Amino acid sequence: MFDQVAHCVSLRLIFDLDETLIDSVPSLAAAANVMLAELGRAPVTPQAYKAFVGHGMLQQIRRALLATGGIPDQGVEPYLARMMEIYGADPVSGTVIFPNVSDTLHQLSDVGHQMAVCTQKPEDQARTVLKSLNLMPPITGLTGGGTLDVLKPDPAMLHHAATQLSGDGQIVMVGDRDVDAQTAANAGAKFILFTPQGTQPDFYTDGLFSDWAHFPAVLATVTGLSA
Ligand SMILES: O=C(O)COP(=O)(O)O
């Protein structure tokens, strides 16, 4: 399968992190539930928490508070700070890498493609997770929450991630949700959707896959490299 991309110019592949390369929802939900318990709130299930993810930690906590009784008088900020303390102390336990991610990324790197992550997750937390899962390298660039003063879908996030990689190879963004697709569209980049359940999206995508072992073939088709 890698023969399809073995003789091509170097692509710049920009990956979303949460729910694209890793399933971090159990660890995020566990940390949020510690914070919610301190506030006297009921816990949220990982399944419910999944819907809160995608727009950064501030939105996660805002949504968790709204779902469990509303925003307290103090506002979201103190609870965001507490979540950053709890989750930031250990963003690794309970987080798993999706099947075939590691092999696929190493093999894409071996044939010359360059890779960076573009995530809403705070940059230091993302770096800790990527290093602990032995994904950095082959991933060499990282743009996260706090790297810039904007988040996805601002195209500056994707541009920043791409400029961390050398060369001017075609940029392809890979993510799991609409905000990633919108980021790619705003930056004029191709977008490939990771959809582990095989769900059809209601937004535009240049390609999609549900198993990372199939990603190189989809990438080859989307970029025209299989021709
Ligand atoms: O922090 C989040 O809400 C999601 O981060 P992501 O951009 O890696 O999906």
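Every value quoted in this text rests on a predicted model; they were computed, and no experiment measured them. (Residues numbered from 1 in each chain as written. Predicted model: local features only at pLDDT ≥ 70, side-chain atom pairs only at ≥ 80, totals over all residues. Heavy atoms only, no water.)

A closer look at empty space enclosed by the protein
Note the following rule: Cavity means a closed set of points on a 1 Å grid over the protein atoms alone, one where a 1.4 Å probe fits but cannot get out, pocket means an open set with protein on both sides within 12 Å along at least 5 of 7 lines, and lining means a residue has an atom within 4 Å of a point. Grid points are joined across faces, edges and corners, and a volume is the space filled by probe spheres set on the points. Counting from the N terminus, the helices are the DSSP runs of H or I reaching at least four residues and the strands are the DSSP runs of E reaching at least two. Classification convention: Asp, Glu, Lys, Arg as charged; Ala, Val, Leu, Ile, Met, Phe, Trp, Tyr, Cys, Pro as nonpolar; all other residues, Gly among them, as polar. As annotated, the domain borders come from an automatic or database domain assignment.
What the rule picks out here adds up to 1 cavity of 30 Å³ or more. Put simply, the largest cavity is a space of about 120 Å³. Asp18, Val53, Gly54, Gln120 and Lys121 are, among the 17 residues lining the largest cavity, the residues nearest its centre. Elements supplying a minimum of two residues to the lining of the largest cavity: α3 (57-67), β4 (114-122) and α8 (178-187). The dominant element in the lining of the largest cavity, judged by the number of residues it contributes, is β4, at 4 residues. The class makeup of the residues in the lining of the largest cavity is 5 nonpolar, 5 polar and 7 charged. The two domains that each donate at least three residues to the lining of the largest cavity are domain 1 (2-23 + 95-223) and domain 2 (25-89).

Description of the pattern of salt bridges
We count it as follows: Think of a salt bridge as a Lys or Arg side-chain nitrogen and an Asp or Glu carboxyl oxygen that are within 4 Å of each other. Buried means the residue's accessible area, taken with a 1.4 Å probe over protein chains only, is under 20% of the maximum for its type, while exposed means over 50%, and partly exposed covers the values in between.
Applying the stated criterion across every chain, the model contains 8 salt bridges. Lys152 is the partner of Asp16 in a salt bridge, and the nearest nitrogen-oxygen pair spans 2.9 Å. Of this pair, Asp16 sits in the loop between β1 (12-15) and β2 (22-23) while Lys152 sits in the loop between β5 (141-145) and α7 (155-163), and the two are 136 residues apart along the sequence. Lys152 carries the same exposure label as Asp16, and that label is buried. Two residues, Arg177 and Asp176, come together in a salt bridge whose shortest N-O distance is 3.4 Å. In this pair, the class of Arg177 matches that of Asp176, namely buried. Among the ionic contacts, a cluster of salt bridges with common partners joins Asp16, Lys152 and Asp180.

Quick look at the layout of surface pockets
Volume-wise, the largest pocket comes out at about 430 Å³. As for the largest pocket, its lining consists of 18 residues, and the residues nearest its centre are Lys50, Asp176, Thr195, Pro196 and Gln197. Elements with a contribution of two residues or more to the lining of the largest pocket: α2 (46-50) and β7 (190-194). Two domains each provide a minimum of three residues to the lining of the largest pocket, namely domain 1 (2-23 + 95-223) and domain 2 (25-89).

Some remarks on the sheet that holds β4
Neighbouring strands of a sheet are bound in pairs by backbone hydrogen bonds; such pairs are parallel or else antiparallel. Our working definition: Two strands are counted as paired when DSSP detects at least two bridges linking them. To get an axis, fit a line to the C-alpha atoms, keeping to the stretch in contact for a helix; angles then go from 0 to 180 degrees between the N-to-C directions. Contacts are assigned to residue pairs that have any heavy atoms within 4.5 Å of one another.
With parallel pairing, the 6 strands of this open sheet are ordered in space as β5-β4-β1-β6-β7-β8. Of all strands in the sheet, those bounded by a partner on one side alone are β5 and β8 (207-209). Neighbour-to-neighbour, the strand axes of this sheet turn through a mean angle of 20 degrees, independent of strand direction. The strands that helix α6 (residues 123-132) touches are β4 and β5; relative to β4, the one it contacts most, it runs at about 130 degrees.

Here we look at the nonpolar core
The test is simple: The set of buried Ala, Val, Leu, Ile, Met, Phe, Trp, Tyr and Cys residues whose side-chain atoms join them within 4.5 Å is what this entry labels a nonpolar core.
Core analysis: the biggest nonpolar cluster contains 30 residues, and Leu13, Phe15, Leu21, Leu105, Ile192, Trp212 and Phe215 have the highest contact counts within it. Only β1, α5 (101-110), β4, α6, β6 (171-175), β7 and α9 (215-223) provide two or more residues apiece to this core. Looking at which element gives the most residues to this core, the answer is α9, with 4 residues. If near-sequence neighbours (up to four positions away) are discounted, Phe15 is found in contact with Leu21, Leu105, Met115, Ala116, Val117, Cys118, Val174, Trp212 and Phe215. The next biggest cluster of nonpolar side chains, apart from the first, holds 21 residues, and it includes Leu28, Tyr49, Phe52 and Leu65.

Describing the domain arrangement of the protein chain
To keep it simple, the criterion reads: Computed with a 1.4 Å rolling probe, the buried area is the accessible surface lost when two parts are put together, summed over both parts. Nitrogen and oxygen atoms within 3.5 Å of one another constitute a polar contact, given that in protein one can donate a hydrogen and the other can accept it, and given that sequence-neighbouring residues count only through two side-chain atoms.
Splitting the protein chain by domain gives domain 1 (2-23 + 95-223) and domain 2 (25-89). Centre-to-centre, using C-alpha coordinates, domain 1 lies 26 Å away from domain 2. Taken residue by residue, the interface counts 11 residues in domain 1 and 13 residues in domain 2. Counting each side, the surface lost to burial between domain 1 and domain 2 is near 1000 Å², with a carbon and sulfur contribution of 50%. Across the domain 1-domain 2 interface, the total number found is 1 salt bridge. One salt bridge in this structure joins Glu19 and Lys50, with 4.0 Å as the shortest N-O distance. Summed over the shared surface of domain 1 and domain 2, the number is 6 residue pairs in polar contact (both at pLDDT 80 or more). If one sorts the elements of the side of domain 1 that touches domain 2 by residue count, β4 sits on top with 3 residues. Among the residues forming the side of domain 1 that touches domain 2, the class breakdown is 3 nonpolar, 3 polar and 5 charged.

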